[in-house]
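What follows is each chain in one-letter form.
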Amino acid sequence: MKNLLLILLAALWLTAGFAQSNDKIDPKLYEEAIQHDLVEAIIIFAQQADLAKAKDLQTKAQKGQFVFQQLTAIAEQEQKQVRQLLQTNAVNFHPFYIFNGIYAKADIALLETIAQRPEVARIQPDPLGQIQEARPQTTTGGRDLIEWGIEMIGANEVWALGFTGQGVIVGGQDTGVEWEHPAIKEKYRGWNGTTADHNYNWHDAISEISPLHGDTTDDESLNPCGLQVDIPCDDHNHGTHTVGTMVGDDGDANQIGVAPDAQWIAARNMERGWGKLSTYTDCFEWFLAPTDLNGQNPDPLQAPHVINNSWGCPPIEGCNIDNWSIMETAVNNLRAAGVVVVVSAGNDGANCGKVQNPASIFEGSFTVGASNNVDTLGGFSSAGPVMVDGSMRLKPNVVAPGVQVRSCVRNGGYATWNGTSMAGPHVAGVVALMISANPELAGQVELIEDIIEQTAVPLYWEEDCEDFSGSAHPNTYYGYGRIDALAAVQMAMTATATEEQAIAPATVVIVPNPASERINIEFGNLSGTAQLRILNVSGQLMHSETINLDNLPLATVNVSDWNAGLYYYTIETPNNRAMGKFVKQ
């Protein structure tokens with residue numbers, strides 16, 4: 001009787017254990033695993049790295065090394081037992097550290113065993129994603145004019161100041177890149193003018209043919225580049241086009257890039273336009289600490305300053321509220337490492353709440369909509385706010401030229417395309433211009449983003465969305481407005497980033513705005529001694545004074561003799577900084 005009781009108790013314990021493990025496995029994944037021998041899964045561990053101290057570090061190099069060390073340490077510690085279990089079962093797996101997780105192809109029995117481990121939080125499917133692309137219009141040949149988008153944002157005026165992106169590295173996570181295209185070859189970090197070295201400069205996360213193409217076989221020859229190639233290659237055109245908008249210039253008739261002297265590195269995250277959560281995450285991780293071509297010897301000092309992401313992962317492809325946290329963690333950890341993450345808003349139209357797919361929905365993504373050559377919204381450009389997660393987060397952050405954008409494509413060609421995919425690279429290029437003008441900004445993600453927002457040209461929409469007014473600034477259609485490269489660089493030149501300083505744009509109020517005779521500056525909760533500077537759009541210093549905010553919480557500046565137009569202010573205290581703009585009528 002006693003033995004029978006022990007057997008029953010053991011059975012109950014095992015049943016409870018499996019019930020608990022089943023609760024950790026995504027229901028759709030569990031159902032798929034029952035029906036198939038192997039399924040693609042992502043194992044997520046409960047403990048994630050604490051990166052809060054990264055904010056206290058001043059340089060991009062310090063931030064990157066700290067974040068890399070913290071992430072890899074926690075991954076090695078927490079994943080050890082599960083990795084051994086996967087190796088014992090001869091399972092194909094890939095460990096991640098940019099979030100604490102593992103990609104694996106496993107059967108239901110092994111997944112249930114893994115799910116019983118206390119360090120495992122949940123097991124999710126590996127969904128598929130898609131590029132953010134509108135219909136292209138292919139063109140041929142070159143022309144002697146600077147592209148309209150570059151002129152619209154004033155990037156060519158920044159070049160005249162001597163800032164062309166020199167010393168800055170941009171990253172492209174996309175369909176790959178035709179690296180020998182004349183417009184971008186000389187800009188590739190892996191090319192020294194004589195020989196190419198693709199270590200730390202190129203990464204291919206594509207190891208299989210995507211089933212979403214409907215191919216009946218998994219033949220590698222279906223992809224024009226092949227799989228996991230060691231030389232940069234574009235299997236679609238999309239990645240080449242976006243890199244061209246960031247840095248392209250063939251030295252002759254094709255001035256297509258916003259930051260023509262920045263260097264680029266790239267990762268292929270999609271197979272002919274289709275990606276999935278694990279390939280995106282793999283590339284995010286590689287950008288945090290690029291590796292050699294064998295995937296070894298990661299080095300955070302090789303990380304880019306900014307990454308362009310012209311793709312999305314919609315619900316129809318498996319990205320949902322249950323697994324968004326994986327990608328969001330990757331984005332946030334890159335930001336902590338000092339990398340700006342630029343993301344296209346999507347091409348689902350200017351209806352309320354259409355910014356709806358990761359990574360565009362995340363707070364940490366710098367989300368970009370598309371504008372045209374008359375400074376209105378492209379009809380396809382997704383509008384906010386973010387409703388899918390209930391946050392009502394205001395997106396996009398800004399808009400940039402994304403209609404009839406001409407850039408390079410495969411086989412040495414050029415094409416004119418529409419899409420928020422074309423807008424995002426303009427913003428990444430502006431980030432490069434800002435850092436080339438003020439290298440101290442490298443790694444200061446929040447400051448860089450704030451400057452771009454505060455210097456954007458305000459634009460307004462005739463319709464409202466929920467509690468958001470289309471006539472407000474910012475709004476859910478244009479965000480803070482259309483980017484202004486010249487104004488952003490001019491403000492960047494006056495900005496300094498120190499360990500103690502933070503951005504506080506909301507603490508200062510300028511009234512009236514627009515102004516005709518004078519402005520009153522209300523300093524809010526800023527305190528101590530402040531240095532006030534006001535510049536015009538040409539960068540000329542119009543007013544400067546030192547103010548004791550403890551004695552004078554409000555200041556008045558006479559602007560009656562100033563020309564009508566846009567002006568920018570910066571206010572710096574020992575512990576804070578605020579910046580913004582106002583209009584003189």
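Quantities reported herein were computed from a predicted structural model and do not represent experimental measurements.

Each value, and the rule that gives it
Residues numbered from 1 in each chain as written. Predicted model: local features only at pLDDT ≥ 70, side-chain atom pairs only at ≥ 80, totals over all residues. Heavy atoms only, no water. 1 Å grid on protein atoms, 1.4 Å probe; cavity = no way out; pocket = protein on both sides within 12 Å on 5 of 7 lines; lining within 4 Å. Points joined across faces, edges and corners; volume = space filled by probe spheres on them. Helix = DSSP H or I, 4+ residues; strand = E, 2+ residues; numbered from the N terminus. Buried < 20%, exposed > 50% of the residue type's maximum accessible area, 1.4 Å probe, protein only. Contact = heavy atoms within 4.5 Å. Pairing = 2+ DSSP bridges. Axes fitted to C-alpha atoms, helices over the stretch in contact; angles between N-to-C directions. Disulfide = S-S within 2.5 Å. Expected span 1.5 Å × (residues − 1).

As a further point, take empty space enclosed by the protein. Scanning the entire structure with this criterion turns up two cavities of 30 Å³ or more. What the largest cavity holds in volume is close to 40 Å³. Lining the largest cavity are E147, W148, G149, T245, I256, V405, R406 and H426. Within the residue set of the lining of the largest cavity, elements represented by two or more residues are α5 (148-153) and β17 (405-409).

Another point: the environment of F582. Inspection of the secondary structure puts F582 in strand β25 (residues 577-584). Taking the relative accessible area as the measure of exposure, F582 reaches 1% and is therefore buried. Sequence separation between F582 and P512 is 70 residues; the distance between their C-alpha atoms is 8.8 Å. Excluding its chain neighbours within four sequence positions, the residues that come into contact with F582 are I510, N513, I519, I534, W562, G565, L566, Y567 and Y569.

With that settled, the discussion passes to the sheet that holds strand β11 (residues 274-276). Hydrogen bonds between backbone atoms are what pair the strands of a sheet, whose relative direction is either parallel or antiparallel. Read from one edge of the open sheet, four strands run β10-β11-β5-β13, paired in antiparallel fashion. Edge strands, defined here as strands with exactly one partner in the open sheet, are β10 (270-271) and β13 (311-312). Sheet topology places β10 next to β11; two bridges connect them, and they run antiparallel. Along β11, the bridge assignment pairs E271 with W274. Against the sheet, helix α8 (residues 277-288) engages β5 (128-131), β10, β11 and β13, with an angle of about 80° to β11.

Cysteine pairs can be covalently joined through their sulfur atoms, and such a bond is termed a disulfide. Applying the stated rule across the entire model yields two disulfides. One disulfide bridge connects C225 with C233, the sulfur atoms lying 2.0 Å from each other. On the sign convention where negative is left-handed, the bridge of C225 and C233, at about -80° about the S-S bond, is left-handed. Taking the relative accessible area as the measure of exposure, C225 reaches 16% and is therefore buried. Among the residues examined, C233 registers a relative accessible area of 21% and is labelled partly exposed. Sulfur-sulfur distance for the disulfide between C352 and C465 comes to 1.6 Å. Taking the sign of the S-S torsion, 45° for the link of C352 and C465, the bridge is right-handed. Taken together, the residues span a long stretch of sequence, with C352 in the loop between β14 (340-344) and β15 (366-371) and C465 in the loop between α11 (445-455) and α12 (485-494) at a distance of 113 residues. The thiol of C283 is not disulfide-bonded; the next cysteine sulfur, from C313, is found 13 Å away. You can see C408 has no disulfide; the closest cysteine sulfur is in C233, sitting 14 Å from it.

All right, on to α8 then. In a regular helix each residue adds 1.5 Å, so 12 residues correspond to 16 Å; α8 covers 17 Å between its end C-alpha atoms and thus fits that length. Among the 12 residues that make up α8, 12 are buried, leaving the element largely enclosed by the rest of the structure. For α8, the full list of buried residues reads L277, S278, T279, Y280, T281, D282, C283, F284, E285, W286, F287 and L288.

On to the environment of L111. Looking at where L111 falls in the secondary structure, it is placed in helix α4 (residues 108-115). The buried category is assigned to L111, whose relative accessible area is 1%. Sequence-wise, L111 and L86 are 25 residues apart; in three dimensions their C-alpha atoms are separated by 9.9 Å. The contacts of L111, once residues within four sequence positions are left out, are I25, A33, V39, A41, A106 and I123.

Pairing in this open sheet of three strands is antiparallel, and the strands run β19-β20-β23 from one edge to the other. The sheet is open, and its two edges are formed by β19 (509-511) and β23 (554-558), each paired on a single side. Each adjacent strand pair in this sheet contributes to an overall mean axis angle of 20°, direction not counted. Pairing of strand β20 (residues 518-522) with β23, which is carried by five bridges, proceeds in the antiparallel orientation. Considered in β23, the bridge of I521 is made with A555.

Of all five residues in β17, five are buried; the element is thus mostly enclosed. Pairing of β17 with strand β18 (residues 413-417), which is carried by five bridges, proceeds in the antiparallel orientation. Bridge assignment links C408 to a residue of β18, and that residue is Y414. Here β17 hands over to β18 after three residues, with N411 in that stretch at a positive phi of 60°.

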